[in-house]
Structures are given as C-alpha cells and as structure tokens.
Amino acid sequence: MASGLGVALFSSAVFGLSGSFAKALLETGWTPGAAVTARLTGAALILAIPAIPALRGRWHQLRDNWLTVVLFGFIGVAACQLFYFNAVSRLSVGVALLLEYLAPVIIVLWLWAASRKRPRPLTIAGTLLSLGGLVLVLDLTGAVKIDLIGVLWGIAAAVCLAIYFFITAKENDTLPPIVLASGGLMVGAIVMWLAAATGLLPMAFSTADTRLGPWVTPWWVALGGLVVLATVLAYVSGIVAARALGSKVASFVSLTEVLFAVIWAWLLLGELPGPIQLLGGLLIVGGVVLVRLDELRTPSRAAVRQAPLDHANDVEPVP
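The rules we used
Residues numbered from 1 in each chain as written. Predicted model: local features only at pLDDT ≥ 70, side-chain atom pairs only at ≥ 80, totals over all residues. Heavy atoms only, no water. Helix = DSSP H or I, 4+ residues; strand = E, 2+ residues; numbered from the N terminus. Buried < 20%, exposed > 50% of the residue type's maximum accessible area, 1.4 Å probe, protein only. Contact = heavy atoms within 4.5 Å. Areas by Shrake-Rupley, 256 points an atom, 1.4 Å probe, with all protein chains shown as cover. Expected span 1.5 Å × (residues − 1). Bend = angle between axes of the 7 residues up to and from the residue. Core = buried A, V, L, I, M, F, W, Y, C linked by side-chain atoms within 4.5 Å. Phe/Tyr/Trp six-rings, centres within 6.5 Å; stacked < 30°, edge-to-face > 60°. Axes fitted to C-alpha atoms, helices over the stretch in contact; angles between N-to-C directions. Parallel < 35°, antiparallel > 145°, perpendicular 65-115°, else oblique. Left-handed = near helix turned anticlockwise from the far one by under 90°. Nonpolar A, V, L, I, M, F, W, Y, C, P; charged D, E, K, R; others polar.

A.B. asks: Can you walk me through the overall build of the chain in this structure?
C.D. replies: Along the backbone of the chain there are 15 helices and two strands. Going through the 319 residues of the chain one by one, you find that 52% of them count as buried. A separation of at least 24 residues holds for 87% of the contacts in the chain among residues at least 6 apart in sequence. Only carbon and sulfur atoms are counted for the fraction: they give 72% of the accessible area of the chain, which is about 14600 Å².

A.B. asks: Please clarify how helix 11 (residues 219-245) should be interpreted in this entry.
C.D. replies: The end-to-end C-alpha separation of helix 11 is 36 Å, in line with the 39 Å expected for 27 residues at 1.5 Å each. For helix 11, the principal kink sits at A234 and spans about 35°.

A.B. asks: For this particular structure, what's the right way to read the nonpolar core?
C.D. replies: A general trend in soluble globular proteins is that nonpolar side chains are found buried together. Counting residues in hydrophobic clusters, the biggest one holds 85 residues, and the most contacted among them are W30, L40, Y84, L99 and L185. For this core, the element with the highest residue contribution is helix 5 (residues 66-88), accounting for 12 residues. Residues contacting L40, with those up to four places away along its chain left out, are V77, A78, Q81, L185, G188, A189 and M192.

A.B. asks: Is there a simple way to explain the packing of aromatic side chains in this structure?
C.D. replies: Where two aromatic rings form a pair, the distance of their centres and the angle of their planes describe that pair. Evaluation of the coordinates by the stated rule reveals five aromatic pairs. Judged by centre distance (5.1 Å) and plane angle (80°), the rings of W30 and F205 are edge-to-face. Taken as a pair, W30 in the loop between helix 2 (18-26) and helix 3 (32-54) and F205 in the loop between helix 10 (177-197) and strand 1 (210-212) lie far apart in primary sequence, 175 residues in all. Since its relative accessible area comes to 46%, F205 is described here as partly exposed. Centre to centre, the rings of W30 and W219 are 6.2 Å apart; their planes meet at 35°, and the pair counts as tilted. Within this pair, whereas W30 is found in the loop between helix 2 and helix 3, its partner W219 is found in helix 11, the two being separated by 189 residues in sequence. For W30, a relative accessible area of 5% puts it in the buried group.

A.B. asks: Honestly, the side chain of S130 in this entry has me stumped. Any pointers?
C.D. replies: In this structure, S130 sits in helix 8 (residues 121-138). If we skip the residues at most four places from it in the chain, S130 touches L102, V105, L283, I284, G287 and V288.

A.B. asks: I'm lost on helix 3 in this one. Help?
C.D. replies: Residues that lie three or four places apart on an α-helix share one face, since the helix turns once every 3.6 residues. Between its terminal C-alpha atoms helix 3 stretches 32 Å, which fits the 33 Å expected from 23 residues at 1.5 Å a residue. At A48, helix 3 shows its maximal kink, close to 40°; a proline, P50, follows between one and four residues later.

A.B. asks: It is not clear to me how the packing of helix 10 against helix 11 should be interpreted in this structure. Could you clarify?
C.D. replies: Two measures define how a pair of helices packs: the angle their axes make with one another and the distance between the axes. Contact geometry of helix 10 with helix 11 gives a least axis separation of 10 Å together with a crossing angle of 150°. Relative to helix 11, helix 10 is oriented roughly antiparallel. Every pair of crossing elements has a handedness; the one defined by helix 10 and helix 11 is right-handed. Touching P177, I178, A181 and L185 of helix 10 are T231, Y235, V236, I239 and R243, all from helix 11. Residues that form the contact of helix 10 with helix 11 fall into these classes: seven nonpolar, one polar and one charged.

Written out as structure tokens, the structure is:
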C-alpha cells in the first residue's frame, strides 16, 4: 500500500506537468492541436514498444475490444486533451484543470437525471460544494475578467472526461492496460493528423526557445517533457498505482494532480490563481473528495445490484 501510494503520487506529479509544458509551447506559437498531436504521436510510439510484446499470441483481444479502444482514443484522449489545451491557452493552468475536474460532478448530475434516483446525501453535498467552488473559480465579480471561451473549453474537457469514465467504467480483464493506453494514444494521434490533413484543425509548430521558470530552453525540452514525463511515465506509473491500490483508491489519490499542477505552473510559468480562485479550487476538490468517499464506502446489497454506471468515476482520469 505504501509503495503504491508513492507511485500514485508520482503519477499525479508528472501528470500535473502537462499543462505547464503545453503552455510553454503555446506561448511560442504552437497551436493546441499541434501540441496535442505531437504529444499523442510521441507517446504512442514509445508505449508501442511494451504493448506489442504484451499482445504476442493474443491479438484477438485487440480485435474483440476495438470499439473500446477507438472510443477511448477519440473522446478520452484526443478530444479531452485538445479541449484542455485550448482552455490552457486562454486560462491559467490551475483554473483550466479545476474546470476539467468537474467531471465527477457531471457524472452525478447525469445519473441523477437519467435514473431519476436521488444520490446519497454525501454525494449531493459534494456536488453542491463543487458547484459553489466553480462560482468562486470563475470569480465573476473580480477585477480581472475571466475568458468565457476558455471556460467553455474547460467545461467541454470535463464533459469528455465524464464520457471517458462511462466508457471505461465496465470492468475489462481481457485487454492489458498498457495495450489500452498505447492503442488509445495511437487512435488519438491518427484522429488529430486526419483532422489536420482535412483542414478542420489548425496546426502550427515553432522552433523558438521556450521559457520554463528562470531557464530559456530549446523547444524540444518542453516537448520531450510533455511526451516522456507528462504522458509516458504518467500513464505507466498510473497503471502500476491502480494495480497496487485498486482503481477507486488510485483515482482518489489522483486528485492531488490539481495541487501539483498549480505548483508546477507557479514554478515554471509564474502563474498562480487569485485567493478567491484558490478557495474555489479547494471547494471543488473538497466536493470531489466527498463524492469519492461516498464511492469508497462498502456497498450495500442494494448498491451491488445497481448498474455499473453508478460507479463510473472509479477509474484513473486522463488529463
């Protein structure tokens, strides 16, 4: 448990770097689409190295689960990251990530509306707390007006993350996690390249130097960090943590990614949300913690008979 917790915290720390590395590239002229495409392509090629041996003699598993891989890659990887990077281009990294972390609240509201079955009191309290935190994060009465389009991109990322949770909620022991991660990244990369080729997605790269904290570095340093640290190591360590701790506890610990993202953005970009936004962020995270705690409780017999979607937030998020 102790070693698994350490791995889970490491995974959150390197996942939290993605926004800072991406914004460093965006500020030199990269478009969000170009940053996402480069990230997915590089990570997919690296993760294919362990994924191909894992499928040796079991290629039928990939064929049997092709729809899950495609949906995971298209919505959970490509769309979610593109929307998040679009939000980062207009908002601070911390605010963009806090908006994306409203996904569990969206799941609760959707299940409530679809089943017309009221959630348990702890889940309701967590949802209300997060929604109150959202109002503070937006800081509508503050002197600095927040970018509405950036907020919409952040909420779109949250919706995609919620859909991803639904896609992966069903337990699936037939497809190795490393194969799902590699396949999803490959699908996401293909989708991004096709969108660029058809002119639907603006693609612009730059070889200008990037600024990370007090250092001016070549562009490939930020891109390498985005691919190797914030994607490959983050995914692999996240898989290891989920196996050691279980998906519920691992996803609970992954909430620390918000804290790490804010710290990295402060150290590398000089960004720090205002006091009201930080308070709102604490409320959002606190609300999600309550929802997680409600899910971590030992289920009753009635809860066991519920549909699998009632526990759709039991998986590791993909920032």
